[in-house]
Amino acid sequence: MLLELKEVSVRYRGAERNAVDRVSFSVEENQIVSIVGHNGAGKSTLIQAIMQDIHYAGQITYGFPEKELYKWIRVQTQTSTFEKKAKVKDMVQLYIQLTDSRETVEALLESVQMQDFKHAYLEKLSGGEKQKIAVLLATIGSPKLIILDELTTGLDVVSRRMIWDLLNKIRRDKGISILLTSHFLDEVEYLSDDVIILERGAVKQHGTVGELVEHAFDRSKLATSLTDSSFRYADLRYKYTKHKNKLMIEYRVEQERDVFDNLQACGGYDIRLQQRTFEEAFLKLIGYQLDEKGETK
Amino acid sequence: MKTSLSLTKYHLKLLFRDLPSVLMAFLMPIGFYVLFGYMLQDANVNNNSLTDLLIPLYIIIIIGNAVFNVFGVLYVNAKESGNLQKFKFLGVSELRFSFTLFVATLVFQLVVIISFILFTYFFDGSVFPQDKLLPILATLCVILVFHFAAVFFLVSLLKKSTAYNPIALTLFMYQMFLGGLTFPLQMFPEFLQKAIYYINPIIYGRDALLTAWTGDSSIGHVLRDNMILLSFSVGLVVAGMILNRILLSQKTAVVFTR
């Protein structure tokens, strides 16, 4: 166990409710845990509590002496601002020195294919390149856990994919655990071993992506089929919904073969048998969707 | 020690890369010296050539600019942008961060001051009074402390760069033009010549430095004026600490237990 929170609560002076309300979870070695939630759900406050930067009730324990907190846990935020006029090599060199690392600027930049940017000013880099450097900086000195607070917010799809690949590579090559806060559900689904859904400071759901999907849909899947005027509805044995010429059937896993055969026999075409997505599960469990900025919709 | 050294070197690198700040720091005293030196070439103050007095006065301007507009701006920006927290999570305390920024700014000032003194030597043969080095350095230290105290007070009050930057610049200008640093006090209206000792404490630094530089005790008294300026500095630091405590207590998170 690297990190364990038990019944952690935080309330700001003058606030009517807790910003973080009796949150418990743990992060194991070589694990990616995601915290999902809308803006104001308490994600950043929770990170501050983990970093002992705020008073809290409850208990936070680490898999190492607490005085070595800054050595073993690193934090990078979406606002990974870099000082004006700082070059990539300056920043990487500074982190190497501050963390007493034996790594070299060249080797580190090579590990993320950023050698060509060694002499570039950080402020001139694209959003994706900046965040790639931010992730690289977080790994210098071989921490046990890195906390990435909404790191991919504001990035385009390609840049986000690039960051995902980098995170997977870091976990694979260096065995570093990652605690990720995000409101991109596809990102959470792609990366996470464990997901915590935070709402108004409290844990609303907790589990693997598979568990959460299963919990939301009770092992049901979705079949879709296109239909035309020759489709024989009288022969269809399953309850369905229809949108224009697209027919949808929610079914249990053990019914899959029969659903497919039945749709085919009725004259359906372009039949698809789909797993439910995390996004669908989130909508069903939580009751709202998140937009790109983390607002509810 | 290693951490402080690395951070100081990093700050220094960034400081010297910021061309507008570097140009302003180097060219402003030189420009003033050339301009006012020409305008006031025949003027004398207390039997001292005014041109000679411009050098210590503009050294105070250099210090003011470095502390108000370089150190203060960088410090507030670091706080506001989250860079201070970024370093905190790397094990660098706010105190260590500000100390290393302070040292880097100090080195920056020294380079500018030495360049300015060299310029005046080659420009019109002005010679630095080496025999008075000790009182001059002591007075410069007190002036430096006063400026840092003023910035500490300002930063305690103004947390956003949008508020700090214009106010710091205004105070710097106020101190420069209404502190007898650009032209002699004797050119001010009579009432202002007296009022200035109550409304602009840098005047004590000015008097102390001019006295130390020229050895002319009719301008002021090195020890007394430095002590007065130090008293103002202590007052600013105490006021800043009180403000910090009040503002911090409003923001600190408290725990709710059921």
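Structure: above.
Residues numbered from 1 in each chain as written. Chains lettered and ligands numbered in written order. Predicted model: local features only at pLDDT ≥ 70, side-chain atom pairs only at ≥ 80, totals over all residues. Heavy atoms only, no water.

**Digging into the overall build of chain A**
Then comes step 1: Summing up its helical and strand segments, chain A has ten helices and 13 strands in all.
Then comes step 2: For chain A, the C-alpha atoms occupy an extent of roughly 75 × 50 × 30 Å along the three principal directions.
Then comes step 3: Counting all 297 residues of chain A, 51% fall into the buried class.
Then comes step 4: Here the contacts in chain A between residues at least 6 apart in sequence split such that 68% fall between residues at least 24 apart.
Then comes step 5: The centroid of the 42 positive side-chain charges in chain A is displaced by 2 Å from the centroid of its 45 negative side-chain charges. (Helix = DSSP H or I, 4+ residues; strand = E, 2+ residues; numbered from the N terminus. Buried < 20%, exposed > 50% of the residue type's maximum accessible area, 1.4 Å probe, protein only. Contact = heavy atoms within 4.5 Å. Lys, Arg positive; Asp, Glu negative; His and termini not counted. Charge placed at Lys NZ, Arg CZ, Asp CG, Glu CD.)

**Re the interface of chain B and chain A**
Then comes step 1: Taken together, the contact between chain B and chain A spans 29 residues of the former and 36 residues of the latter.
Then comes step 2: Three residues stand out in chain B for area buried against chain A, namely Arg17(B), Phe89(B) and Leu90(B), and they jointly supply 23% of the buried area on that side.
Then comes step 3: Where chain B touches chain A, the interface holds six salt bridges.
Then comes step 4: Residue Glu83(A) pairs with Lys86(B) through a salt bridge whose shortest N-O separation is 3.5 Å.
Then comes step 5: Secondary structure elements with two or more residues in the side of chain B that touches chain A: helix 1 (2–17), helix 4 (83–88), helix 10 (222–251) and strand 3 (253–254) of chain B. (Buried area = accessible area lost by both parts, 1.4 Å probe. Salt bridge = Lys/Arg side-chain N within 4 Å of Asp/Glu carboxyl O.)

**Things to note about the layout of surface pockets**
With a probe scaled to a water molecule rolled over the atoms, the places where space remains empty come into view.
Then comes step 1: Considered as a void within the structure, the second largest pocket measures approximately 660 Å³ in volume.
Then comes step 2: Lining the second largest pocket are 27 residues, and of these Lys84(A), Asp18(B), Val73(B), Leu74(B) and Asn77(B) lie nearest its centre.
Then comes step 3: Of all the elements, helix 3 (residues 50–81) of chain B adds the most residues to the lining of the second largest pocket, at eight residues.
Then comes step 4: Within the lining of the second largest pocket, the residues separate by chemical class into 14 nonpolar, nine polar and four charged. (1 Å grid on protein atoms, 1.4 Å probe; cavity = no way out; pocket = protein on both sides within 12 Å on 5 of 7 lines; lining within 4 Å. Points joined across faces, edges and corners; volume = space filled by probe spheres on them. Nonpolar A, V, L, I, M, F, W, Y, C, P; charged D, E, K, R; others polar.)

**Topic: the pattern of salt bridges**
Then comes step 1: Evaluated as defined, the whole model comprises 29 salt bridges over all chains.
Then comes step 2: Between Asp21(A) and Arg22(A) there is a salt bridge, with the nearest N and O atoms lying 4.0 Å from each other.
Then comes step 3: A relative accessible area of 43% places Arg22(A) in the partly exposed class.
Then comes step 4: Between Asp90(A) and Lys13(B) there is a salt bridge, and its shortest N-O distance comes to 3.3 Å. Of the two residues, Asp90(A) is situated in helix 3 (residues 88–98) and Lys13(B) in helix 1; the pairing between them involves two chains.
Then comes step 5: Residue classification places Asp90(A) among the buried residues on the basis of a relative accessible area of 4%.
Then comes step 6: The class for Lys13(B) is partly exposed, based on a relative accessible area of 40%.

**Re the sheet that holds strand 8 (residues 194–199) of chain A**
All names here are of chain A.
Then comes step 1: The six strands lie next to each other as 5-6-7-3-8-9, forming an open sheet whose pairing is mixed. Edge positions in the sheet fall to strand 5 (73–77) and strand 9 (202–207), since each of these pairs with one other strand and no more. Within this sheet the neighbouring strands show an average axis-to-axis angle of 15°, counted without direction.
Then comes step 2: Inspection of the sheet shows strand 5 paired to strand 6 (residues 145–149) by five bridges, in the parallel sense. (Pairing = 2+ DSSP bridges. Axes fitted to C-alpha atoms, helices over the stretch in contact; angles between N-to-C directions.)

**As for the packing of aromatic side chains**
For any pair of aromatic rings, geometry is given as the distance between the ring centres together with the angle between the planes.
Then comes step 1: According to the stated counting rule, one finds 23 aromatic pairs over all chains in the structure shown.
Then comes step 2: Each ring, one from Tyr197(B) and one from Tyr204(B), has its centre 5.5 Å from the other, and the planes form 70°; the classification is edge-to-face.
Then comes step 3: Residue classification places Tyr197(B) among the partly exposed residues on the basis of a relative accessible area of 25%.
Then comes step 4: An aromatic cluster of at least three residues, connected via ring pairs, comprises Phe32(B), Tyr33(B), Phe36(B), Tyr58(B), Phe116(B), Phe119(B), Phe123(B) and Phe177(B).
Then comes step 5: Over the face of the ring belonging to Trp72(A) we find Lys144(A), whose NZ or CZ atom lies 4.6 Å from the ring centre.
Then comes step 6: The ring of Phe217(A) has Arg276(A) sitting right over it, with the charged end atom 4.1 Å from the ring centre. (Phe/Tyr/Trp six-rings, centres within 6.5 Å; stacked < 30°, edge-to-face > 60°. Lys NZ or Arg CZ within 6 Å of the ring centre and 35° of its normal.)

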